Amino acid sequence: MNSKPRIAVIIGSTRPTRFADAPAQWILKQAQAREDLDVELIDLRDHPLPFFDEMASNLWMPSQNPEAVRWQQTVGRFDGYIFVVAEYNHSITASLKNALDQAYKEWNRKPFTAIGYGGTGATRAVEHLRGIGVELQMVSTRAAVHIGGGDFMAVHPAFGNKPISEIEANLLQTAKTALDELAWWAKATMAAKAAEA
Ligand SMILES: Cc1cc2nc3c(=O)[nH]c(=O)nc-3n(C[C@H](O)[C@H](O)[C@H](O)COP(=O)(O)O)c2cc1C
């Protein structure tokens, strides 16, 4: 068993002028600085998925669309996930929901955490994500990083446009807790699966 969990940072917004890259790069740096995780950036822009057009979830039958199959292979390579969560009308983006729907088995029994950003730090979107994760048989960390309020205004290009490093003192402790929890659950679920095999 590979003892070092492979973790994907998944960018959930695909629009051309997205802000998502700044929080994605910041959490990637925090996660890659750790010795206990192998971390890779996965951009939904590199996975041009159709809106879900299969006969059923791949829980029930193999998917037909080659992009869906390629996405499932990408998801399946990892032991856990860090979702970069924009809040669109109090939920996750349509592109992230679609990507979550386009795999099933590959998400099962794996943990995730999140970095959310928005007026309230995408707290409502991250809570929705946790509910979706239950149906996908995933486990959420308790902690997640939330860039909200004045911090969001300071770093968003429409307002202060400062680098995230300027507000990171407010984020570092939560990021450590969230990544510690993610590492714990990744190791625990990997060990349980290895024992079952
Ligand atoms: C369709 C849409 C809905 C939005 N709804 C919310 C919202 O419910 N809560 C919030 O805090 N920000 C909301 N915003 C503002 C986003 O937080 C902001 O545009 C952010 O940059 C979106 O992330 P992105 O740039 O990575 O796509 C919304 C933005 C869009 C485009």
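Source: prediction; values computed, not measured.

> Quick rundown of the pattern of salt bridges? Include the residues and the values.
The final tally for this structure, using the stated rule, is 14 salt bridges. Among the salt bridges present, the one from E40 reaches R77, with a minimum N-O distance of 3.2 Å. Placement of the pair is E40 in strand β2 (residues 38-43) and R77 in the loop between α2 (66-76) and β3 (80-86), with a sequence separation of 37 residues. Linking R70 and E67 is a salt bridge whose minimum nitrogen-to-oxygen distance equals 3.1 Å. One end of the pair, R70, and the other, E67, are both in helix α2, 3 residues apart, so they sit about a helical turn from each other. A single network of salt bridges, built from pairs that share partners, joins R34, D36, K176, D180 and K187.

> Which residues make up the site of the ligand, and what are the values?
By nearness alone, 16 residues border the ligand, and S13, R15, Y88, Y117 and H156 come closest of all. Between the ligand and Y88, the relevant distance is 2.7 Å, taken from an oxygen atom to a side-chain nitrogen or oxygen of the residue. In this structure, H90 approaches the ligand through a main-chain N or O atom, which is 2.9 Å from an oxygen atom. Protein coverage of the free-state accessible area of the ligand, which is 610 Å², stands at 74%.

> So, the packing of aromatic side chains: which residues are in play, and what are the values?
According to the stated counting rule, one finds 8 aromatic pairs in the structure shown. Taken together, a centroid distance of 6.1 Å and an interplanar angle of 20° make the contact between Y81 and F83 stacked. When its relative accessible area of 0% is taken as the criterion, Y81 is described as buried. Judged by its relative accessible area of 1%, F83 is buried. Arranged with centres 4.8 Å apart and planes meeting at 70°, the rings of Y81 and W107 form a pair that is edge-to-face. Separated by 26 residues along the polypeptide, Y81 in strand β3 and W107 in the loop between α3 (94-101) and β4 (111-117) bring together distant segments of the chain. Residue Y81 shares its accessibility class with W107, and that shared class is buried.

Analysis parameters
Residues numbered from 1 in each chain as written. Predicted model: local features only at pLDDT ≥ 70, side-chain atom pairs only at ≥ 80, totals over all residues. Heavy atoms only, no water. Salt bridge = Lys/Arg side-chain N within 4 Å of Asp/Glu carboxyl O. Helix = DSSP H or I, 4+ residues; strand = E, 2+ residues; numbered from the N terminus. Near = heavy atom within 4 Å. Polar contact = N/O pair within 3.5 Å; in protein donor to acceptor, adjacent residues only side chain to side chain. Areas by Shrake-Rupley, 256 points an atom, 1.4 Å probe, with all protein chains shown as cover. Phe/Tyr/Trp six-rings, centres within 6.5 Å; stacked < 30°, edge-to-face > 60°. Buried < 20%, exposed > 50% of the residue type's maximum accessible area, 1.4 Å probe, protein only.

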